[in-house]
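What the coordinates show
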Amino acid sequence: MAIAIERSAVMARRAKRHRVWQRVGHVMTYVGLFAALVFFLGPFFWIVTTSLKGNEDFFAFPPVWIPTEPSLKHYVALFTRSSGARYFTNSLVLSTMSMIAAVVVSLPTAYSIARWRFGGGLLSIFLLVLRMLPAIALIIPIYIVYKMLGITNNYLALVVIYTVLYIPFAVWLLVGFLRDFPVEIEEAAMIDGCSRLRALVQVVVPIIAPGMAVVALFSFIATWNEFLFAIVLTGIETKTMMVLVTSFTSGGTDMFYGEASASVVLGVLPAFAVAFMLQRYLVKGLALGGTKG
Amino acid sequence: MRIPALGLKRKQWEPLAFASPSMALIAFVIVFPLAYSFYLSFQNFDLSVGPEYEFVGAKNYTEALFRDQRFMGSVWNTALLIAPSLLLELLLGLGIALLLSRVLRGRPIITALLVIPSMVSPVMAAMAWRMMYGVKYGAINNLGRQLGIIDVYFDWFSSPLVSIIAVVLVEVWHNTPFMMLVLLAGLQSIPTELYEAAKADGASAWQRFWSITLPLLKFTMAVGVMIRLIDLTKLFGLIFVLTFGGPGGATETVAFTTYLMGFKDFRMSYAAALSYVIVGGVLLLTLVFMWIQRVRETRVAA
């Protein structure tokens, strides 16, 4: 009897200790994640507040972490004095054009691979090669050819490169979406007298549109973020945001904080949007993200 | 029901016609330039001298591999940057992924927030950090002074060692989220029954981690490390903005040296040869890595 009571007491104590540890573990998990959030998002917080500071706040000590009188004057300066409006538009236009072109060109190819196994394993080899290929190996010959043809500092010439760089990636993702698409629906359309191409455009596309949007957003952000081709092949008119931001690095480590931080804020906006919209596809998208330099 | 008479049978030309636009583009923009660059790497094309060039055999390659101190130095620098970055990204990524896998509520939103740095361009990441490293107005020095950790304005890019640490920190900030994401996917694919069975058998949390999580996560870890390794050999934008190769070339990576060779000195043939040396090196690295994986797997199997 006495032993039995003692045993249940031990059990209860053990269970209690277990529960306490579980709670401690739970708290520690959230503490750890909070620390991670501070580390990974802190820089963004600082950049945003810095871009809203007046000059006195930059120089103040103790430092001002949250500006007392936020102002948009650095954004105004960036857009007027540094022609930021033009370069922001350039980035938008380039990314949009190559996004559309990449999807339009990749869709029939993906269809060909998904339906007819075109090219055997060619695509995966291309993907692998392109994934490994440093962008620097491509930019040297392309620069020489573009120089000879006189098409550096040209929007379309850049769009062509960006489109092609993301074709293998776009095709690969689209093949996945197309394989999930039931063949019967297309066949039904074709029995009704639809051509293959019309069936693709009018029947398949509306249904796999969400998948195409994923591909489109990834190629948009990839072009938006690209730097090496942009810095080599753009001139004063065609510069992108990525090239503009590097112009603030002259002047040592303490440079134009206002405009520089404003341009970083604008430069990272699409990344924020896409991180939330494409959650389910982030692993694939980042793993295959093309020639990132 | 299939009705062949209505033309649903596969037409021979259709697959090719559908695929040809992108194939043509890839041929023009990727395959042809690479071939042209390979041809150029055996010439002595130098835009700073003039448009004429002639065949010089493998001279560019022998110079790159045996005589070019600067390029050799950049190989060493790249390795010095890669090793700590990879290790930290793997450990930190694993740690955060483990924490995330324990969270039940709000996981998607926390993951999305944590992953943002990886979506940002290297140039933007570097710019944000360059400002944070700023001597007088940077967040790091100011925070350090406010908390009383440092009492001078520290220049983070004054010595080679500190610069390398500074670059590694930015790199870790930028790409750990990717590693975390990959490992989280790996963790979620481990069946929970395994843990329950181990728990029933009285295995401690540590034992469960050591003998279930780690072995089953090995492949995912290898894939993640592999991808990061390949990407780290391309390290360019980060260096361009953060240090421009300095101080004294201590952070000049292979991609950055090649860039300078091509677009500052305009030695196009030599830069082309360097880029092929890099491609060869990455290929070799990949093969060695795969071979090590293979050896380890067969040893485990045996």
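Note that the coordinates shown come from a computational prediction; the quantities given were computed from them, not determined experimentally.

**Here we look at the overall build of chain B**
A count of helical and extended segments in chain B gives 12 helices and 0 strands. In sequence order, the secondary structure elements of chain B are arranged as α-α-α-α-α-α-α-α-α-α-α-α. A compact globule built from 302 residues would reach a C-alpha radius of gyration of about 19 Å, whereas chain B, at 25 Å, exceeds it by more than 25%. Every one of the 302 residues in chain B was classed for burial, and the buried ones make up 41%. Restricting to contacts in chain B with at least 6 residues of sequence separation, those with at least 24 account for 69%.

**So, the overall build of chain A**
Summing up its helical and strand segments, chain A has 13 helices and 0 strands in all. Counting from the amino terminus, chain A carries its helices and strands in the arrangement α-α-α-α-α-α-α-α-α-α-α-α-α. Seen through its C-alpha atoms, chain A measures out along the principal axes to roughly 90 × 65 × 35 Å. Residues counted as buried form 43% of the 293 residues belonging to chain A. Look at the contacts in chain A between residues 6 or more apart in sequence, and 76% of them connect residues 24 or more apart.

**Considering the interface of chain B and chain A**
Counting residues at the interface gives 84 residues for chain B, matched by 75 residues for chain A. Among the elements that line the side of chain B that touches chain A, the one with the most residues is helix H1 (residues 13-40) of chain B, at 15 residues. Considered class by class, the residues forming the side of chain B that touches chain A number 64 nonpolar, 13 polar and 7 charged.

**Some words on the nonpolar core**
Counting 157 residues, the largest nonpolar core has Ala170(A) and Met127(B) as its most contacted members. The dominant element in this core, judged by the number of residues it contributes, is helix H7 (residues 155-179) of chain A, at 16 residues. When residues of this core are assigned to domains, at least three map to each of domain 1 (2-59) and domain 2 (83-287) of chain A. Non-local contacts of Ala170(A), meaning those with residues more than four positions away in its chain, are made with Ala102(A), Val103(A), Ser106(A), Val215(A) and Ser219(A).

**Quick look at helix H8 (residues 192-200) of chain B**
For the α-helix, the turn length of 3.6 residues means that residues three or four positions removed from each other point alike. Counting buried residues in H8(B) gives 0 out of 9 residues, a small share hidden from the surface. Gly202(B) lies just past H8(B) and shows a positive phi near 85 degrees.

**Comments concerning unusual backbone geometry**
Residue and element names in this part refer to chain B. Even without being glycine, Phe244 reaches a positive phi, approximately 50 degrees. Structurally, Phe244 can be placed in the loop between helix H10 (237-242) and helix H11 (254-263). Residue Phe266 is not a glycine yet carries a positive backbone phi of 60 degrees.

**Here's the deal with the environment of Gly245(B)**
Residues and elements named next belong to chain B. Following the sequence through the fold, Gly245 ends up in the loop between H10 and H11. On the basis of neighbour counts, which here come to 20 C-beta atoms within 10 Å, the residue Gly245 falls in the buried class. In this structure, the C-alpha to C-alpha distance between Gly245 and Val288, residues 43 residues apart in sequence, is 28 Å. Gly245 has contacts with Ile239, Thr251, Glu252 and Phe256, leaving out every residue within four places of it along the chain.

**Focus: the packing of helix H7 (residues 160-188) of chain B against helix H9 (residues 205-232) of chain B**
Residues and elements named next belong to chain B. In contact at an axis separation of 9 Å, H7 and H9 are set at 155 degrees when each is read in the N-to-C sense. Taken together, the axes of H7 and H9 lie roughly antiparallel to each other. Considering only the axes of H7 and H9, their crossing is right-handed. In this structure, H7 uses Asn175, Met179, Val182, Leu183, Gly186 and Leu187 to contact H9, whose residues at the interface are Leu217, Thr220, Met221, Val223, Gly224 and Arg228. Partitioned by chemical class, the residues of the contact of H7 with H9 number 7 nonpolar, 4 polar and 1 charged.

**Observations regarding the domain arrangement of chain A**
Residues and elements named next belong to chain A. Assigned domains of chain A: these are domain 1 (2-59) and domain 2 (83-287). Computed from C-alpha coordinates alone, the two centres of domain 1 and domain 2 are separated by 39 Å. Facing the 6 residues of domain 1 at the interface are 7 residues of domain 2. Sort the elements by how many residues they give to the side of domain 1 that touches domain 2 and helix H1 (residues 2-51) lands first, with 5 residues. For the side of domain 1 that touches domain 2, the class distribution of residues is 4 nonpolar, 2 polar and no charged.

Cut-offs applied
Residues numbered from 1 in each chain as written. Chains lettered and ligands numbered in written order. Predicted model: local features only at pLDDT ≥ 70, side-chain atom pairs only at ≥ 80, totals over all residues. Helix = DSSP H or I, 4+ residues; strand = E, 2+ residues; numbered from the N terminus. Rg over C-alpha atoms; globule rule 2.2 N^0.38 Å. Buried ≥ 20, exposed ≤ 12 C-beta atoms within 10 Å, placed from the backbone. Contact = placed C-beta atoms within 7 Å. Nonpolar A, V, L, I, M, F, W, Y, C, P; charged D, E, K, R; others polar. Core = buried A, V, L, I, M, F, W, Y, C linked by C-beta atoms within 7 Å. Domains from an automatic or database assignment. Axes fitted to C-alpha atoms, helices over the stretch in contact; angles between N-to-C directions. Parallel < 35°, antiparallel > 145°, perpendicular 65-115°, else oblique. Left-handed = near helix turned anticlockwise from the far one by under 90°.

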